[in-house]
Amino acid sequence: MGRAAGVVSRVRDALPTAWAATWQWAVIAVGVALAAYLVLEHATTSSVLAAAALAALLVGAVLTWSVPLAIALMATPVVFVTERLAVGGADLTVSDAALAAGFGTVVLLGSRRFSPPMRAMLWLNAIYQFSTVFTVIANPFPQNTVEWFHAWLLISGALVLGWGLGRAGYARLSMLLLLGMLGLIAAGTFATAALNALQGHGLDAVYPLWPWAMHKNAAGGALALGVFLVYARPEWLGLSRRWTVLLVCVFGAALLLTQSRQAIAGLLGALFILIIRRGAAGHALFLTVLAVPAVLLLVQSVIEQFASGNQFNSAYARLDWMREVYALWKLSPVFGHGLRYWYVHPWAHFQPPQAELEVAASAGVVGLLGFAIMWAGFVIVLWRVAPRYGAVALGAVVLRITAAQFDLFWVAAQVSVPFVVAGICLGAQALAVSTGDGQYWAPPKDARQSTAERRAAARRSKARDRRNPRLYDRAYSSTPKD
């Protein structure tokens, strides 16, 4: 009770100071939100959400005078929002608008001296963009050209946004902002699940209705990324063990409520990569215990869908879509039918449900080759990056490409957010290396210590410190000893 009373007392004492420093910005945020809502001209939940996102970006613009990357910081959590902006009839998501605003801010006000890993990632994306130029030329329709720039923004733009924040020293803050938005998505998932239970729907898959309407796979992909980031818990994030356990349970429970099979598959792939890259053999057994029943449940659910004979469930529907996409691809196998062809092609009105099939039908064999080079290169580059930063970046990217084997690929937040995370990691690494802390690339395998060797070295170091503390003080303390 005494500790709780102390916490309450400190919070009560801090509130006046905090309010005095923030009330002006709160008033600005409310005013901007109301103005944006009136500009949007639609009294719907989507317009309220879009107004809130625009308010965050505009407050960031006001703060830019004192904090140069304020817009990029405000854009970080907003990149999850896939609602459409109802401004002037533009078909633009809130996520894309935030990503473009944050990218432009970093280009104008952030560091553009990219590290070697960052340059390699950008060049790999450039290879893919070059391979898809041919389908833009061969299939001249507006959506094709627009999507070519959009695809570049989703990867390179997201990388640059994250890089600028990490390089400026905002890695921890930007990651906490991402986790905060994921907490809202988890809360919306729980609220929707409770509403479904009250309406008698039982354990049906949850499609969150708040803070905005989301498909179960969109919510599941976001929550899977949250589980991974919290479980990875890089030491520069500064997340305590208590918060780690709590958030893993919250995000994990919300993920299970969505019943998103591809998100769970992506999460398992990312966790295995994390454990292998860090050499944390002690966690392998724990992950295996979790993974085996999860894999069995995924396989069992797919078998049940095929055994049900229902031709309209997700398993049968995907098989039909894949057959149709393959038949369509054969009509233009080299350059494809154009990016976002399903908006204009009379034979197809759906986005292919698998990454490589989508690229093959859209950009042909040429685009598929560039796609394979890009993703293989991403994995190789991030694998070579020092694990302190590269393990989290690699896991986030692997999570997305694994989930994309079973679901839509070019969905704004689903693609951009993992690359924002990767950019944050690479930017934070560049900042650390600039101060002499660490190096960009991991040492060769024969130069590394095994887990047992590292533990033995740590034990020997502690034993030496206990035997001769005065020697330790003289060697490492900044204060001279008599």
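Anything mentioned here points back to the structure above.
## Here we look at the overall build of the protein chain
- The number of helices and strands found in the protein chain is 17 helices and two strands.
- By residue count, 46% of the 482 residues in the protein chain fall in the buried class.
- For the protein chain, the proportion of contacts with a sequence separation of at least 24, taken over those separated by at least 6, is 72%.
- Split by element, the accessible area of the protein chain, about 24100 Å² in all, is 68% carbon and sulfur.

## Let's talk about the environment of Pro333
- You can see Pro333 is positioned in the loop between helix H12 (314–329) and helix H13 (355–384).
- Setting aside anything within four residues of it in sequence, one finds Pro333 in contact with Gly364 and Val365.

## Brief notes about the nonpolar core
- The biggest cluster of nonpolar side chains holds 103 residues, and the ones touching the most others in it are Phe228 and Phe419.
- Filtering out sequence-adjacent residues up to four positions away, Phe228 remains in contact with Leu267, Ala270, Leu271, Leu274, Ala391, Val392, Gly395, Ala396 and Leu399.
- Leu328, Trp342, Ala348 and Phe350 belong to the second largest nonpolar core, which has seven residues in total.

## A look at helix H3 (residues 70–78)
- Most of H3 is tucked away, with eight of its nine residues classed as buried.
- Taken as a whole, H3 has its buried residues at Ala70, Ile71, Ala72, Leu73, Ala75, Thr76, Pro77 and Val78.

## Comments concerning unusual backbone geometry
- Backbone torsion omega between Trp210 and Pro211 reads 5°, so that peptide bond is classified as cis.
- Mapped onto the fold, Pro211 is located in the loop between helix H7 (171–198) and helix H8 (216–232).
- A positive phi angle, near 55°, is found at Gln259, a position not held by glycine.
- By the secondary structure assignment, Gln259 is in the loop between helix H9 (241–258) and helix H10 (261–278).
- Taking the relative accessible area as the measure of exposure, Gln259 reaches 35% and is therefore partly exposed.

## Quick word on the packing of H8 against helix H14 (residues 387–403)
- Running from N to C, H8 and H14 point in directions that differ by 160°, and their axes come no closer than 10 Å. Regarding the angle of H8 to H14, the classification is roughly antiparallel. Every pair of crossing elements has a handedness; the one defined by H8 and H14 is right-handed. Contacts from Gly221, Ala224, Leu225, Phe228, Leu229 and Ala232 of H8 reach H14 at Ala391, Val392, Gly395, Ala396 and Leu399.
- Class assignment of the residues belonging to the contact of H8 with H14 gives a composition of nine nonpolar, two polar and no charged.

## So, a nonpolar patch on the surface
- A cluster of nonpolar side chains, contributed by Phe130, Phe134, Val334 and Phe335, occupies part of the molecular surface with about 360 Å² of accessible area.
- With respect to the helices, strands and loops of the structure, Phe130 is situated in helix H5 (residues 116–138).
- Relative accessible area serves as the criterion here: at 55%, Phe130 is assigned to the exposed category.

## Some remarks on the pattern of salt bridges
- Throughout the structure, instances matching the rule amount to four salt bridges.
- The salt bridge involving Arg323 is made with Asp320; its shortest N-O contact spans 2.3 Å. Here Arg323 pairs with Asp320, and both are found in helix H12, just three residues apart, close to one helical turn.
- Overall, the relative accessible area of 53% leaves Arg323 in the exposed class.
- Residue Asp437 pairs with Arg388 through a salt bridge whose shortest N-O separation is 2.9 Å. Placement of Asp437 in the loop between helix H15 (412–434) and helix H16 (451–467) and of Arg388 in helix H14 is noted, with a sequence separation of 49 residues between them.
- Take Arg388: its relative accessible area is 32%, and that puts it in the partly exposed class.

## Looking at the packing of H10 against H14
- It is the contact of H10 with H14, at a shortest axis distance of 8 Å, that shows an interaxial angle of 155°. Classed by the angle they form, the pair H10 and H14 counts as roughly antiparallel. As H10 runs across H14, the sense of the crossing is right-handed. Residue-level contacts link Gln262, Ala265, Gly266, Leu267, Gly269, Ala270, Ile273, Leu274, Arg277 and Arg278 of H10 to Pro387, Ala391, Val392, Leu394, Gly395, Val398, Leu399, Thr402 and Ala403 of H14.

Here is what the cut-offs are and how they apply
- Residues numbered from 1 in each chain as written.
- Predicted model: local features only at pLDDT ≥ 70, side-chain atom pairs only at ≥ 80, totals over all residues.
- Heavy atoms only, no water.
- Helix = DSSP H or I, 4+ residues; strand = E, 2+ residues; numbered from the N terminus.
- Buried < 20%, exposed > 50% of the residue type's maximum accessible area, 1.4 Å probe, protein only.
- Contact = heavy atoms within 4.5 Å.
- Areas by Shrake-Rupley, 256 points an atom, 1.4 Å probe, with all protein chains shown as cover.
- Core = buried A, V, L, I, M, F, W, Y, C linked by side-chain atoms within 4.5 Å.
- Axes fitted to C-alpha atoms, helices over the stretch in contact; angles between N-to-C directions.
- Parallel < 35°, antiparallel > 145°, perpendicular 65-115°, else oblique.
- Left-handed = near helix turned anticlockwise from the far one by under 90°.
- Nonpolar A, V, L, I, M, F, W, Y, C, P; charged D, E, K, R; others polar.
- Patch = residues over 30% accessible without salt bridge, like charges linked within 9 Å, V, L, I, M, F, W, Y side chains within 5 Å.
- Salt bridge = Lys/Arg side-chain N within 4 Å of Asp/Glu carboxyl O.

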